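Given next are the chains, with one letter for each unit.
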Amino acid sequence: MDLKKLFTHRVNVIFGFGCLMPILSIAASYISSYAGLLYTLITGNEPGSGTEFWLTFILPQFFYPIASALLFLIPLNILHLKPSDAIEDKKSSPSQYLIYIPMLMLFSYVLTFSLNIIFIYLEAIGIKLPTVEALIPQPNNALEILGLLFVMTVLPALCEEFIYRVVFLGVLSPISKNAAILLSAIAFGLMHATIQQIPFAFGLGIILGYAYITTQNYRIPVLMHFINNFISFFNSNFCTIRS
């Protein structure tokens, strides 16, 4: 099989399984919808506000990234690859962190500022976009804050970097690094599924893909992803006045 056909075959396999991710999203929404009912059937009591927070938000948010990461073990098997064949984990130097973390911060603030200008303009001409933050429940105590922090920052950084950097780039980059970074960023952007998040996630995917390819170290994009998510989490929960 020539390289072009091999690349096309690998893209088809990976994106084919990527098309199954909406099914997992639907499954997560069913967990959110029926977890409270199941709790009532088992215990005979209505879930309180604290229990409902864990059942209807934390549990689905825990399920989706882990199930998605496990799903992408299948195309690796189909392509006769093991996770250890795809993952790059060379020893990193402190200078790499000093380069890529500031790069992420600069990119994040520039792109966020640019997108905010666009969204403000759209609202000014009468196009109001739904806010993502409105879908995230407000934690009421320290334990709920920690649970929300884990599913919004740590878990996505680990699972999404496994999917979009380890699997996508590990499978495609040996054939074409630039095409692999672009396709993984497109998939990463589309996975976020909202008009506010897709352009930012696409740009972030380019940065994370470039960092992974150039450093050949899985930990660096994971840390970059976590920092980005943590900043977003902090801004949404502690720097925003909710009505």
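Structure report, in brief. (Residues numbered from 1 in each chain as written. Predicted model: local features only at pLDDT ≥ 70, side-chain atom pairs only at ≥ 80, totals over all residues. Heavy atoms only, no water.)

**Examining the packing of aromatic side chains**
Right, so step 1: Here the structure, examined in full by the defined rule, presents 11 aromatic pairs.
Right, so step 2: Seen from their ring centres, phenylalanine 15 and phenylalanine 168 are 5.5 Å apart, and the 85 degrees between their planes marks the pair as edge-to-face. Here the residue phenylalanine 15 occupies a position in helix α1 (residues 3-18), and phenylalanine 168 occupies one in helix α7 (residues 142-172), the gap between them amounting to 153 residues.
Right, so step 3: Note on phenylalanine 15: relative accessible area 26%, which makes it partly exposed.
Right, so step 4: Their ring planes at 90 degrees and their centres at 5.8 Å tell us that phenylalanine 53 and tryptophan 54 sit as a pair that is edge-to-face.
Right, so step 5: Take tryptophan 54: its relative accessible area is 31%, and that puts it in the partly exposed class.
Right, so step 6: Within the aromatic cluster, the residues linked to one another by ring pairs are Phe15, Phe72, Tyr164, Phe168 and Phe188. (Phe/Tyr/Trp six-rings, centres within 6.5 Å; stacked < 30°, edge-to-face > 60°. Helix = DSSP H or I, 4+ residues; strand = E, 2+ residues; numbered from the N terminus. Buried < 20%, exposed > 50% of the residue type's maximum accessible area, 1.4 Å probe, protein only.)

**Notes on the packing of α7 against helix α10 (residues 219-238)**
Right, so step 1: Running from amino to carboxyl end, α7 crosses α10 at an angle of 150 degrees, the nearest separation of the two axes being 9 Å. Here the hand of the crossing between α7 and α10 comes out right-handed. Where α7 approaches α10, its residues Ile145, Leu148, Leu149, Met152, Thr153, Val154, Pro156, Ala157, Leu158, Glu160, Glu161 and Arg165 are matched on the opposing element by Pro221, Val222, His225, Phe226, Asn229, Phe230, Phe233, Asn237 and Phe238. (Axes fitted to C-alpha atoms, helices over the stretch in contact; angles between N-to-C directions. Left-handed = near helix turned anticlockwise from the far one by under 90°. Contact = heavy atoms within 4.5 Å.)

**A look at the pattern of salt bridges**
Right, so step 1: Evaluated as defined, the whole model comprises one salt bridge.
Right, so step 2: Residues arginine 165 and glutamate 161 are paired through a salt bridge, measuring 2.7 Å at the closest nitrogen-oxygen approach. Of this pair, arginine 165 and glutamate 161 both sit in helix α7, four residues apart, which is roughly one turn of that helix. The pair formed by arginine 165 and glutamate 161 is uniform in burial state, with each residue classed as buried. (Salt bridge = Lys/Arg side-chain N within 4 Å of Asp/Glu carboxyl O.)

**Notes on helix α6 (residues 94-124)**
Right, so step 1: Look at α6: 45 Å from first C-alpha to last across 31 residues, which is about the 45 Å you get at 1.5 Å a residue.
Right, so step 2: For α6, the set of buried residues is Gln96, Tyr100, Ile101, Leu104, Phe107, Ser108, Leu111, Leu115 and Phe119.
Right, so step 3: Turning to α6, the residues buried within the fold contact α9 (197-215) and α10.
Right, so step 4: Once α6 finishes, glycine 126 follows within two positions and takes phi at roughly 95 degrees, a positive value. (Expected span 1.5 Å × (residues − 1).)

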